[in-house]
Amino acid sequence: MNILFIMYDQLRFDYLSCAGHPHLHTPNFDRVAAMGVRFTRAYCQSPVCGASRMSFYTGRYASSHGAQWNGYPLRVGEHTMGDHLRKAGMATWLIGKTHMKADAEGMARLGLAPDSVIGARQSECGFDVWVRDDGLWGEGPDGFYDEKRSPYNEYLKSRGYEGANPWADYANAGVAAGEKASGWMFDNADKPANIREEDSETPWLTDRTLDFIDQATGPWCAHVSYIKPHWPYIVPAPYHALYGQNHVPAATRAESERDGAHPVYGAFMGNKIAHAFQQEEVRRKVIPAYMGLIKQCDDQLGRILDHLEARGSLSETMIVLTSDHGDYLGDHWLGEKDLFHDPSVKIPMIVYDPRAEADATRGTTCDALVEAIDLVPTFLEVAGGAPAGHILEGRSLLPWLRGEDPDWRDAVISEYDYSVTPMRDVLGMSDADARLFMVFDGRYKLMHAEGGFRPMLFDLETDPDELDDLARRDGHAEVIDRLYDRLAQWGRRMAQRVTRSEADIAAMRGRSARRGILPFLKDGSEVPAALTEKYRGPVGQVYVPDTPARETGSERDV
């Protein structure tokens, strides 16, 4: 069986019709949900692109792999999805974005050439690359945000789009009075991108995906990673006009959230992203464009599904649809992601397993507490590989797909390192203390901030919109203590003993005794006779040392 692992960047869990969105119709996401299982309580390991993706790709928490923010290199030697699956006989390919930065210093230290097979995989999260394009080709006074080659920009130039950076000039810009109307400016979000729809980013990556499928021989795992609906929030016609201000929901926020706000939360509410999305004019322009981007993603998903079906491959391909994190869109007075309210940290997760064992769960939902790190062990089991629980910190989702009721986790964890953000300076935090942790047990969600701050606490059973921070007042000490205990238990996990499995350790116990290392014995009766056999028996020869000379007076007696 093959695996098609599709990720959409910054797609909210609730902006799909199968998840209950009142206006956005996504028939192809719904189609996969009808064939498989939609996990309704899936969470990313860090609500920021780079750290979240490194957790998806390693099956490990952010503090385990260490790449905790955008631009933090994933250290050389970290096991990735590609390493696990290739060992099990499954090729693993990238089509699109990873947001991964290579550990160039570590590679140089070990003498790994970037253009070698091993070096290339180390540079690409363990994937073999069909096409990589991280899709943020911003350019400023100091040059490009991303200094790598852009296959998409090269494609646009080949299609006649002029200029050094057609990604910015056409794919992510409209036109106003003959001038570029950049998608970086929210005022332009309602304009159509100045590009033929079939040449825009999402169809372009879909074309690359279909090319891959047509030539691939299995078993393979293809990670198709779209940049959209991530900002810049601008989309080509006709998608720019499918939704209007009447489709923009009221922001989920309350004035009480600002009163006595947690200092970290207050700092994020005060940043420029939040200030923009606190303006209704911005929300009324951005959200219809965001919905149009999702609708385009859904249509392109339909192309992939139809292609697999026409080839007869749908029945032999596992399909996973997910996102690296969500988007606040003005909820809780915030924009972007970063914190732990559901619009940011909760993600869509839909899994289709074509095998007969999954027939009983088709078209169902599952409310188990699922983490992004669960996908690698799921894929490894699909590939028939040996479990790697000493490395992977997630758990296979296949029991849920088979309709079983496995012994499961009682809480999910997410982390966020904000040491490189302006909020670190606003709060006067040290780099070591600019860290946040979330623990959610299915009802209560606690946020802990290093640096001596009080926690935040929400009861999602009575307050599903997370508007009432219970930790601002007394009366919840028992719940807070229990969740802190759970967080401490997680913090004591065995995360770094990755070179020895439990089976290895079991085999090592007593092994040295069977190889003749027998210290601390009184007479040998303490151990089985077989262990001392090599040390018992007749002596082959008796060594008699020379008698030392003894002098008497001036003569020598020997």
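On a predicted model such as this, the values are computed, not experimentally measured, just so you know.

Caption draft 1: Representation of the overall build of the protein within the structure. The secondary structure content of the protein amounts to 19 helices and 23 strands. For the protein, the C-alpha atoms occupy an extent of roughly 120 × 60 × 60 Å along the three principal directions. The proportion of buried residues among the 558 residues of the protein is 55%. Sequence-distant contacts in the protein: of pairs separated by 6 or more residues, those separated by 24 or more amount to 71%. Carbon and sulfur atoms form 51% of the exposed surface of the protein, whose accessible area is close to 24,700 Å². Taking the 61 positively charged and 84 negatively charged side chains of the protein as two groups, their mean positions are separated by 4 Å.

Caption draft 2: Empty space enclosed by the protein, seen in detail. On inspection of all chains with the given rule, the structure shows five cavities of 30 Å³ or more. Quantified by volume, the largest cavity comes out at close to 90 Å³. Of all the secondary-structure elements, those providing two or more residues to the lining of the largest cavity are helix H9 (201-215) and strand S11 (220-226). Tallying contributions element by element places H9 first for the lining of the largest cavity, with four residues. Its residues assigned to classes, the lining of the largest cavity comprises five nonpolar, four polar and three charged.

Caption draft 3: Quick peek at the layout of surface pockets. Computed from the structure, the largest pocket encloses a volume of approximately 980 Å³. As for the largest pocket, its lining consists of 35 residues, of which Trp-184, Trp-231, Lys-272, Ile-273 and Glu-336 are closest to the centre. Elements that contribute at least two residues to the lining of the largest pocket include exactly strand S6 (139-140), strand S7 (143-144), helix H11 (272-277) and helix H16 (422-427). For the lining of the largest pocket, the leading source of residues is H11, giving four residues. Here the residues of the lining of the largest pocket are counted per class, giving 20 nonpolar, 10 polar and five charged.

Caption draft 4: Spotlight on the pattern of salt bridges. Summed over the entire model, instances satisfying the criterion amount to 46 salt bridges. A salt bridge links Arg-75 to Glu-78; its shortest N-O distance comes to 2.9 Å. In this structure, the salt-bridge partner of Glu-381 is Arg-402, at a minimum N-O distance of 3.6 Å. Here Arg-402 lies in the loop between helix H15 (398-401) and strand S18 (412-417) and Glu-381 lies in helix H14 (residues 375-382), a separation of 21 residues in the sequence. Salt bridges here are not isolated pairs; linked through shared partners, they connect Glu-124, Arg-132, Asp-134, Asp-146 and Lys-148.

Caption draft 5: Structural detail: the environment of Ser-200. Topologically, Ser-200 is positioned in the loop between strand S10 (192-193) and H9. Residues Ser-200 and Met-429, 229 residues apart in the sequence, show an inter-C-alpha distance of 42 Å. Setting aside anything within four residues of it in sequence, one finds Ser-200 in contact with Tyr-152, Ile-195, Pro-236 and Gln-296. Only 2.7 Å separates the side chain of Ser-200 from the backbone oxygen of Glu-197, close enough to count as a polar contact.

Caption draft 6: Looking closely at the packing of aromatic side chains. All chains considered together, the criterion is met by 26 aromatic pairs. Each residue in the set Tyr-15, Phe-186, Tyr-233, Phe-277 and Tyr-290 is aromatic and connected to the rest through ring pairs, giving one cluster. The aromatic ring of Trp-333 is capped on one face by Arg-258, whose charged end is 3.6 Å from the ring centroid.

Calculation rules
- Residues numbered from 1 in each chain as written.
- Predicted model: local features only at pLDDT ≥ 70, side-chain atom pairs only at ≥ 80, totals over all residues.
- Heavy atoms only, no water.
- Helix = DSSP H or I, 4+ residues; strand = E, 2+ residues; numbered from the N terminus.
- Buried < 20%, exposed > 50% of the residue type's maximum accessible area, 1.4 Å probe, protein only.
- Contact = heavy atoms within 4.5 Å.
- Areas by Shrake-Rupley, 256 points an atom, 1.4 Å probe, with all protein chains shown as cover.
- Lys, Arg positive; Asp, Glu negative; His and termini not counted.
- Charge placed at Lys NZ, Arg CZ, Asp CG, Glu CD.
- 1 Å grid on protein atoms, 1.4 Å probe; cavity = no way out; pocket = protein on both sides within 12 Å on 5 of 7 lines; lining within 4 Å.
- Points joined across faces, edges and corners; volume = space filled by probe spheres on them.
- Nonpolar A, V, L, I, M, F, W, Y, C, P; charged D, E, K, R; others polar.
- Salt bridge = Lys/Arg side-chain N within 4 Å of Asp/Glu carboxyl O.
- Polar contact = N/O pair within 3.5 Å; in protein donor to acceptor, adjacent residues only side chain to side chain.
- Phe/Tyr/Trp six-rings, centres within 6.5 Å; stacked < 30°, edge-to-face > 60°.
- Lys NZ or Arg CZ within 6 Å of the ring centre and 35° of its normal.

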